[in-house]
Amino acid sequence: RRGIPSVGIDINPLACLAGEVKTTLYNIDRLRLQHKRIKDLFHNNTFELKLAEFPEEAFLEKWFFQDNIADLKKLKSILIYLQDDIESDFFVLAFLAVIRRLSKAYDGEVRPHINKNKRMKDPFACFEKKVNEMILSIEELANDYPDTIPSQTYNCDTRTNYISKLPSKHFWLVVSHPPYLNCFDYLAVFKLELEWSLGFKNLWVDNDLETIKKLELRSWPAKGNLIQSYYNGLKDAYTTTFDLQRVGDKLAVVIGDCTINGILEPVHLRLIDILTDIGYKVLEVNYRTTNYTTGKYAYKNRADYHGGEKRDAIIICEKQ
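### Re the pattern of salt bridges
Scanning the model with the defined rule gives 14 salt bridges in all. The closest approach of N and O atoms between D85 and R37, which form a salt bridge, is 3.4 Å. In this pair, D85 is assigned in the loop between α4 (66–81) and α5 (88–97) and R37 in helix α2 (residues 28–42), connecting sequence segments 48 residues apart. Here D85 falls in the partly exposed class, since its relative accessible area comes to 26%. Measuring nitrogen to oxygen at the nearest pair gives 3.8 Å for the salt bridge that ties E210 to K213. Linking E210 with K213, this pair stays in helix α10 (residues 209–215), spanning 3 residues, or about one helical turn. Overall, E210 belongs to the partly exposed group, its relative accessible area being 46%.

### Points about the sheet that holds strand β8 (residues 312–319)
Pairing within the open sheet is mixed, and its 4 strands lie in the order β3-β4-β8-β7. Only two strands of the sheet have a single neighbouring strand rather than two, namely β3 (173–176) and β7 (280–288). On average, adjacent strands in this sheet sit at an angle of 15 degrees to one another, irrespective of strand direction. Alignment of strand β4 (residues 250–256) against β8, held across 7 bridges, turns out to be antiparallel. Its bridge partner lying in β8, K250 is registered against E318. Set on the sheet, helix α11 (residues 226–244) makes contact with β3, β4, β7 and β8; between it and β4 the angle comes to about 165 degrees. Packing against the sheet, helix α12 (residues 267–278) makes contact with β4, β7 and β8, and its axis sits at approximately 160 degrees to β7.

### Re empty space enclosed by the protein
Under the criterion given, the structure shown has 1 cavity of 30 Å³ or more. The space that makes up the largest cavity amounts to roughly 50 Å³. Around the largest cavity sit L17, Q83, S88, D89, V92, F200, K201, N202 and L203, which together line it. Here the lining of the largest cavity is built from residues that sort into 4 nonpolar, 3 polar and 2 charged.

Criteria and cut-off values
Residues numbered from 1 in each chain as written. Predicted model: local features only at pLDDT ≥ 70, side-chain atom pairs only at ≥ 80, totals over all residues. Heavy atoms only, no water. Salt bridge = Lys/Arg side-chain N within 4 Å of Asp/Glu carboxyl O. Helix = DSSP H or I, 4+ residues; strand = E, 2+ residues; numbered from the N terminus. Buried < 20%, exposed > 50% of the residue type's maximum accessible area, 1.4 Å probe, protein only. Pairing = 2+ DSSP bridges. Axes fitted to C-alpha atoms, helices over the stretch in contact; angles between N-to-C directions. Contact = heavy atoms within 4.5 Å. 1 Å grid on protein atoms, 1.4 Å probe; cavity = no way out; pocket = protein on both sides within 12 Å on 5 of 7 lines; lining within 4 Å. Points joined across faces, edges and corners; volume = space filled by probe spheres on them. Nonpolar A, V, L, I, M, F, W, Y, C, P; charged D, E, K, R; others polar.

What follows is the structure in structure tokens.
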């Protein structure tokens, strides 16, 4: 909104897709025209399922209502059929954004679990509602900042040296939110969406799901060499940002402590030591509290920052 050039980096292609779509000023008329085209194809009984990669039947039977599976497959086939259009990413994101809602899983949880009381919803109605919400957001964004948004998104592993992939710019601020130790495995959060995302070529340009699974450093349960690997990953990530920045540039990191077998692991303090060793100077440490709703059960013993020794911190550093 302020016109500040930026790049976004994430190892999860779904995050990259969301970042790319939400920072693109689409032509609203073209979006509405494409929306109508998708709707017409969906309600056209002669449209045949195109060559698309669908989740395995056992997965579908477990997580989705039988009466909805055919509609989901048809909708994905239409999006595959239209994926060479410039607006395709917009509609792919809308499709993936309603997958959890259309599944048998609880809507508000972090990781999906079966909700035996979940009511079946109409797939196209949910998709259409999401599309309209997203179009409204794009209209509001265009009104606030009508020219262009100088933002780019890259699918990278921040534990590797990705500098050569980035445009040549002055990165005076890095905002980073690494995975939390002993919290939960992050890919599991998106397993429903990831299974339905396979085959969308713009989403899976440089990676595939099996590679992403192998790259993920498991966040829970923390045991054996995982803890040291976690800190090694943080060191690798912030060594790269240090090399990317100039003297005086700022780094902000959101990170939280955890307990392992009932013993406090002061992650934010250990990270401060790592950042200092790399060459950053810590300017501020801001502590925050967190609030959980439906998914709170998952954090009962691992991430409750409402009092006690565990802290959730926003660390502000400067390159020396």
